Amino acid sequence: AQSVTQPDARVTVSEGASLQLRCKYSYSATPYLFWYVQYPRQGLQMLLKYYSGDPVVQGVNGFEAEFSKSDSSFHLRKASVHWSDSAVYFCAVKWGSALGRLHFGAGTQLIVIP
Amino acid sequence: ETAVFQTPNYHVTQVGNEVSFNCKQTLGHDTMYWYKQDSKKLLKIMFSYNNKQLIVNETVPRRFSPQSSDKAHLNLRIKSVEPEDSAVYLCASSPDWGANYAEQFFGPGTRLTVL
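The shown structure was predicted, so the numbers you read here are calculated from the model rather than taken from an experiment.

(A) Layout of the nonpolar core. Counting residues in hydrophobic clusters, the biggest one holds 28 residues, and the most contacted among them are Leu-19, Trp-35, Leu-47, Leu-48, Phe-74, Leu-76 and Tyr-89 of chain A. Among the secondary structure elements, those contributing two or more residues to this core are β2 (10-14), β3 (19-21), β5 (32-38), β6 (44-50), β8 (64-68), β9 (73-78), β10 (87-94) and β12 (108-113) of chain A. The element contributing the most residues to this core is β10 of chain A, with four residues. In contact with Leu-76 of chain A, not counting residues within four places along its chain, are Leu-19, Gln-20, Leu-21, Trp-35, Leu-47, Leu-48, Phe-63, Glu-64, Ala-65 and Tyr-89 of chain A. Among the nonpolar cores identified, the runner-up in size contains 20 residues, and Met-46, Tyr-89, Leu-112 and Val-114 of chain B belong to it.

Structure, rendered in structure tokens:
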């Protein structure tokens, strides 16, 4: 069955430290992959997306993600986090056969300690 | 800059009442969605509309009914709310139903509390 998993419900890092948020999917082909962020009391905003090409994709606010076909993963990274990065981060996928519909992971709550 | 607008921001009501939420997008998109986000932040798609036509209904209880007057507006009515309907309802839009790679733009959400 198709699925998207974010194994870490909560991640706590110190300001200035590097960050990796994990996302794994289960699908027979490469899906369309996205990372969204939700700040408190706001809607979701897209950080970046990937379907093909260079497996490392750059997004907004210094975020990047790396696609791994062998690992079926799309992990989000940032070299140096700021306290304002505290938010919930969602990995999302569109399966090739399900036009338009985004399927979200459970989200990872990022807490950045000043 | 907000381009997907939702009203109201919050709504508190009692079991059995009817509620309506409004959503408007100013992006000129053809496709709009309603998502439900529960207290654990889990997101589930409820409805998808393309050019004011219902495309997908994700096995949502019949008390939920979406309404679209034009492709810029998608409202959600809940007839006779139940406690499990307490959640944040997020509206989103995207340029085209068939564009797999297109970003979805989300509104700030309507938080519903059912007492």
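(B) Region of the structure containing the packing of aromatic side chains. All names here are of chain A. A complete count under the given rule lists 16 aromatic pairs over all chains for this structure. Between Tyr-50 and Phe-67, the ring centres sit 4.8 Å apart and the planes meet at 25°, which makes this aromatic pair stacked. In this pair, Tyr-50 sits in strand β6 while Phe-67 sits in strand β8, placing the two residues 17 residues apart along the sequence. Owing to a relative accessible area of 10%, Phe-67 belongs among the buried residues under this scheme.

(C) How the structure looks around the state of the cysteines. Residue and element names in this part refer to chain A. All chains considered together, the criterion is met by two disulfides over all chains. Residue Cys-23 pairs covalently with Cys-91 via a disulfide, S to S 2.0 Å. Classification of the bridge connecting Cys-23 and Cys-91 rests on its S-S torsion, roughly -60°, and on that basis the disulfide is left-handed. Residue Cys-23 is found in the loop between β3 and β4 (24-26), and its partner Cys-91 is found in strand β10; the two are separated by 68 residues along the sequence. On the basis of relative accessibility, which here comes to 0%, the residue Cys-23 falls in the buried class. You can call Cys-91 buried: its relative accessible area is 0%.

(D) Examining the pairing of β2 of chain A more closely. All names here are of chain A. Residues Val-11 and Val-13 of β2 are buried on one face, while the alternating residues Arg-10, Thr-12 and Ser-14, pointing to the opposite face, are not. In terms of strand pairing, β2 meets β12 through five bridges, oriented parallel. Residue pairing in the sheet places Val-11 in a bridge with Leu-110 of β12.

Conventions used here
Residues numbered from 1 in each chain as written. Chains lettered and ligands numbered in written order. Predicted model: local features only at pLDDT ≥ 70, side-chain atom pairs only at ≥ 80, totals over all residues. Heavy atoms only, no water. Core = buried A, V, L, I, M, F, W, Y, C linked by side-chain atoms within 4.5 Å. Buried < 20%, exposed > 50% of the residue type's maximum accessible area, 1.4 Å probe, protein only. Helix = DSSP H or I, 4+ residues; strand = E, 2+ residues; numbered from the N terminus. Contact = heavy atoms within 4.5 Å. Phe/Tyr/Trp six-rings, centres within 6.5 Å; stacked < 30°, edge-to-face > 60°. Disulfide = S-S within 2.5 Å. Pairing = 2+ DSSP bridges.

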